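# Observations on chain architecture
Chain by chain, the residues run as shown.
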Amino acid sequence: MSNMTFTMIKPDATAKGHTGNILQHILDSGFKIKAMKWVHLTAQQAGLFYEVHKERPFYGELVSFMSSGPIVAAILEKDNAVSDFRAVIGATNPAQAAEGTIRKLYAASIGENAIHGSDSNENAKIESDFFFSAFERF
Ligand code: GDP
């Protein structure tokens, strides 16, 4: 999976009407969309997705935010997808994100930071499998 990563356009960005611009930014950065869906996670599903962060102090806030509205989940393809996509989205805290990154352009805070990008090839596979069956990938 070194040429694949997983992303979610988070509820803050979909609510503010940034979905189209963010998808265009992703395509303009050279990624191909291999799978995509528009979903509203339950708190239980969001809790499962972010289970690795269970012990972090912001876990409750993160779960309630990620289940507060619809998201766009997608699998993206490009050489060096994971690291290149992390560069395209920018630092977790938008205040520290580089100019021109998705988080710098569209995110409001470290919690409500517009977009997710996998942090390793292993997690890209786990996260893609969480959302998509083989029949939903093209
Ligand atoms: P990422 O890989 O850049 O998404 O960052 P992390 O893996 O460290 O954190 C996962 C997600 O948890 C982030 O994207 C934020 O949505 C959220 N998060 C991280 N730190 C904080 C925090 O201090 N407060 C809150 N409310 N949410 C946070």
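Here's what I pulled together on the structure shown here.

## Details of the overall build of the protein
Scanning the protein for helices and strands turns up seven helices and four strands. Here the C-alpha atoms of the protein give a radius of gyration of 14 Å, agreeing with the 14 Å that 2.2 N^0.38 yields for 138 residues. Referenced to the eigenvectors of the C-alpha coordinate spread, the extents of the protein come out at roughly 35 × 35 × 25 Å. Out of the 138 residues belonging to the protein, those deemed buried represent 45%. For the protein, restricting intrachain contacts to residue pairs at least 6 apart in sequence, the fraction spanning at least 24 positions comes to 75%. Entry remark: accessible area of the protein is about 7,200 Å², with carbon and sulfur atoms responsible for 53%. Between the centroid of the 13 positive side chains of the protein and the centroid of its 15 negative side chains there is a distance of 2 Å.

## Some points on the site of the ligand
In the region of the ligand, the neighbouring residues are K10, H53, R56, F58, E61, L62, R86, T92, R103, I110, G111 and N113. In the environment of the ligand, a nitrogen atom lies 2.7 Å from a nitrogen or oxygen atom belonging to the side chain of E61. In this structure, N113 approaches the ligand through a side-chain N or O atom, which is 2.9 Å from an oxygen atom. Within the complex, 82% of the 550 Å² of free accessible area of the ligand lies under protein. Of the residues that constitute the shell around the ligand, the class distribution is three nonpolar, four polar and five charged.

## Brief notes about the sheet that holds strand 1 (residues 4-9)
Note on sheets: strands pair through backbone hydrogen bonds, and any given pair is parallel or antiparallel. The four strands are arranged 2-3-1-4 in an open sheet whose pairing can be described as antiparallel. Of all the strands in the sheet, just strand 2 (32-39) and strand 4 (115-117) have a single pairing partner and so form its edges. Mean inter-strand twist for the sheet, computed between neighbouring axes without regard to direction, equals 15°. Bridge count between strand 1 and strand 3 (residues 71-77): six bridges; the pairing is antiparallel. Across the sheet, I9 pairs through a bridge with V72, a residue of strand 3. Strands strand 1, strand 2, strand 3 and strand 4 of the sheet are contacted by helix 2 (residues 19-28), whose axis makes an angle of about 165° with strand 2.

## Overview of the pattern of salt bridges
Tallying each qualifying case throughout the model produces seven salt bridges. Its salt-bridge partner being E77, residue K34 comes within 3.6 Å of it at the nearest N-O pair. Of this pair, K34 sits in strand 2 while E77 sits in strand 3, placing them 43 residues apart in sequence. Across the pair K78 and D84 runs a salt bridge whose closest N-O atoms are separated by 2.6 Å. The exposure class assigned to D84 is partly exposed, which follows from its relative accessible area of 26%. Via salt bridges that share partners, K125, D129 and R137 belong to a single interconnected network.

## Structural notes on helix 5 (residues 81-89)
All of the buried residues along helix 5 are A81, V82, F85, V88 and I89. Down the axis of helix 5, the buried set is contained in an arc of 125°. They therefore lie on one face.

Cut-offs used in this document
- Along each chain, residues carry numbers from 1 onward, in the same order as the chain's sequence is written.
- Since the coordinates come from a predicted model, pLDDT governs what is reported: local features require at least 70, and pairs of side-chain atoms require 80 or more to be given and counted, while whole-chain, interface and lining totals use all residues.
- To obtain the side-chain values, all non-hydrogen atoms of the structure were included, while hydrogens and water were left out.
- Strands are runs of DSSP state E lasting at least two residues, helices are runs of H or I lasting at least four, and both sets are numbered from the N terminus onward.
- This radius of gyration counts C-alpha atoms alone. The globule rule is 2.2 Å times how many residues there are, raised to the power 0.38.
- Between buried and exposed lies partly exposed: a residue is buried under 20% and exposed over 50% of the maximum accessible area for its type, with that area taken using a 1.4 Å probe on protein chains only.
- When checking whether two residues touch, look at their non-hydrogen atoms; a contact exists if any pair is within 4.5 Å.
- Exposure was quantified through the Shrake-Rupley algorithm and a 1.4 Å probe, taking into account, for residues, occlusion by the shown protein chains and nothing else.
- The positive count covers Lys and Arg only, the negative count covers Asp and Glu only, and His and the chain ends enter neither.
- Note that the charge is assigned to NZ on lysines, CZ on arginines, CG on aspartates and CD on glutamates.
- Residue proximity to a molecule or strand is established when one non-hydrogen atom of the residue lies within 4 Å of it.
- Think of a polar contact as two N or O atoms within 3.5 Å of one another; within protein, one of them needs to be a possible hydrogen donor and the other a possible acceptor, and neighboring residues in sequence only count if both atoms come from side chains.
- Polar here means any residue other than Ala, Val, Leu, Ile, Met, Phe, Trp, Tyr, Cys and Pro, which are nonpolar, and Asp, Glu, Lys and Arg, which are charged; Gly is therefore polar.
- If DSSP finds at least two bridges between two strands, the strands pair.
- Helix axes use the C-alpha atoms of the stretch in contact, all axes being lines fitted to C-alpha atoms, and the angles between their N-to-C directions lie in the range 0 to 180 degrees.
- A carboxyl oxygen of Asp or Glu within 4 Å of a side-chain nitrogen of Lys or Arg is what we treat as a salt bridge.
- The arc in question is formed by the directions pointing from the helix axis toward the C-beta atoms.

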